[in-house]
Amino acid sequence: NAGVTQTPKFQVLKTGQSMTLQCAQDMNHNSMYWYRQDPGMGLRLIYYSASEGTTDKGEVPNGYNVSRLNKREFSLRLESAAPSQTSVYFCASSEPSYIDTQYFGPGTRLTVL
Amino acid sequence: GESVGLHLPTLSVQEGDNSIINCAYSNSASDYFIWYKQESGKGPQFIIDIRSNMDKRQGQRVTVLLNKTVKHLSLQIAATQPGDSAVYFCAENYNNNNDMRFGAGTRLTVKP
């Protein structure tokens, strides 16, 4: 049982490049989330998916797109990366109830030059 | 706007002492709160939660207190150990949905 896994662990992009961050969970959770964490700030929700086939915007969705590929996988895409998107990105999943403990992945450290 | 915040950004305690980490929230509609621990290079890890119909909840060596009158949340760690050194975040369920809002975090350092 690996929990929540994320790839890649580290990534460096140039401004304007695109990339997709991958996330998978093996806990059969319905809900999945993408957060970013910046120095001196808490985690901020980018997008979440309450169940397979649905996605909703969080606090800071601009510049990102998501895909809930199936129940296990939830990807985050940056179409045209900007230096302001330099951050650590965390994926999380939770039980089907609408408020519950979220289990986090190890994070992806992204630098946009 | 309303947000979750923390009183102190850093806290240093002696091994064996009790630690108290505080959190202020301003969204009176929030009815669920979580404390997370984040070690360096890792994702946040659930510690303990509390719902707004409670004012205290205890776990193993940890206690969360909720004061809705002053919108204050605290995490107490008993007999703090070096392994407790980490950043601690409080989070509230914003708008009563899947949108959890996190505070900036408090860095706890345990001195041997």
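The shown structure was predicted, so the numbers you read here are calculated from the model rather than taken from an experiment.

A. The arrangement of the sheet that holds strand β3 (residues 19-25) of chain A in detail. All names here are of chain A. Pairing in this open sheet of four strands is antiparallel, and the strands run β1-β3-β8-β7 from one edge to the other. Every interior strand has two partners, whereas the edge strands, β1 (4-7) and β7 (65-68), have only one. Averaged over all pairs of adjacent strands, the angle between their axes in this sheet comes to 20°, without regard to strand direction. As judged from the four bridges shared by β1 and β3, these two strands associate in the antiparallel manner. Residue pairing for β3: Thr-5 is matched across the bridge by Ala-24.

B. Local environment of the state of the cysteines. Residues and elements named next belong to chain A. One pass over the structure, following the stated rule, counts two disulfides over all chains. One disulfide bridge connects Cys-23 with Cys-91, the sulfur atoms lying 1.8 Å from each other. Looking down the S-S bond of the Cys-23 and Cys-91 bridge, the torsion is -75°, so its handedness is left-handed. Taken together, the residues span a long stretch of sequence, with Cys-23 in strand β3 and Cys-91 in strand β9 (residues 87-94) at a distance of 68 residues. A relative accessible area of 4% places Cys-23 in the buried class.

C. Structural detail: unusual backbone geometry. Residue and element names in this part refer to chain A. A cis amide bond links Thr-7 to the next residue, Pro-8, at an omega of -5°. If you trace the backbone, Pro-8 turns up in the loop between β1 and β2 (10-13). Positioned with a positive phi, Asn-28 is a non-glycine residue whose angle comes to about 60°. Mapped onto the elements of the fold, Asn-28 is located in the loop between β3 and β4 (31-37).

D. Region of the structure containing the side chain of Lys-37 of chain B. Residues and elements named next belong to chain B. Relative to the helices and strands, Lys-37 is located in strand β4 (residues 32-38). Of the side chains with opposite charge, Glu-39 lies nearest to the buried Lys-37, which makes no salt bridge, at 4.3 Å. Excluding residues that lie within four positions of it along the chain, Lys-37 makes contacts with Gly-43, Pro-44, Gln-45, Ile-47, Gly-83, Asp-84, Ala-86, Val-87 and Tyr-88.

E. Spotlight on the packing of aromatic side chains. One pass over the structure, following the stated rule, counts ten aromatic pairs over all chains. Relative to Phe-102 of chain B, the ring of Tyr-35 of chain A has its centre 5.3 Å away and its plane inclined at 80°; by these criteria the two rings are edge-to-face. Here Tyr-35 of chain A is found in strand β4, whereas its partner Phe-102 of chain B is found in strand β10 (residues 100-102) on a different chain. Each member of the pair Tyr-35 of chain A and Phe-102 of chain B is classed as buried. Seen in terms of ring centroids, Phe-89 of chain B and Phe-102 of chain B are 6.5 Å apart; in terms of plane orientation they differ by 80°. Their pairing is edge-to-face. You can see Phe-89 of chain B sitting in strand β9 (residues 86-93) and its partner Phe-102 of chain B sitting in strand β10, a full 13 residues away along the chain. As far as burial versus exposure is concerned, Phe-89 of chain B and Phe-102 of chain B are alike and both buried.

So, how was this worked out
Residues numbered from 1 in each chain as written. Chains lettered and ligands numbered in written order. Predicted model: local features only at pLDDT ≥ 70, side-chain atom pairs only at ≥ 80, totals over all residues. Heavy atoms only, no water. Pairing = 2+ DSSP bridges. Helix = DSSP H or I, 4+ residues; strand = E, 2+ residues; numbered from the N terminus. Axes fitted to C-alpha atoms, helices over the stretch in contact; angles between N-to-C directions. Disulfide = S-S within 2.5 Å. Buried < 20%, exposed > 50% of the residue type's maximum accessible area, 1.4 Å probe, protein only. Lys, Arg positive; Asp, Glu negative; His and termini not counted. Salt bridge = Lys/Arg side-chain N within 4 Å of Asp/Glu carboxyl O. Contact = heavy atoms within 4.5 Å. Phe/Tyr/Trp six-rings, centres within 6.5 Å; stacked < 30°, edge-to-face > 60°.

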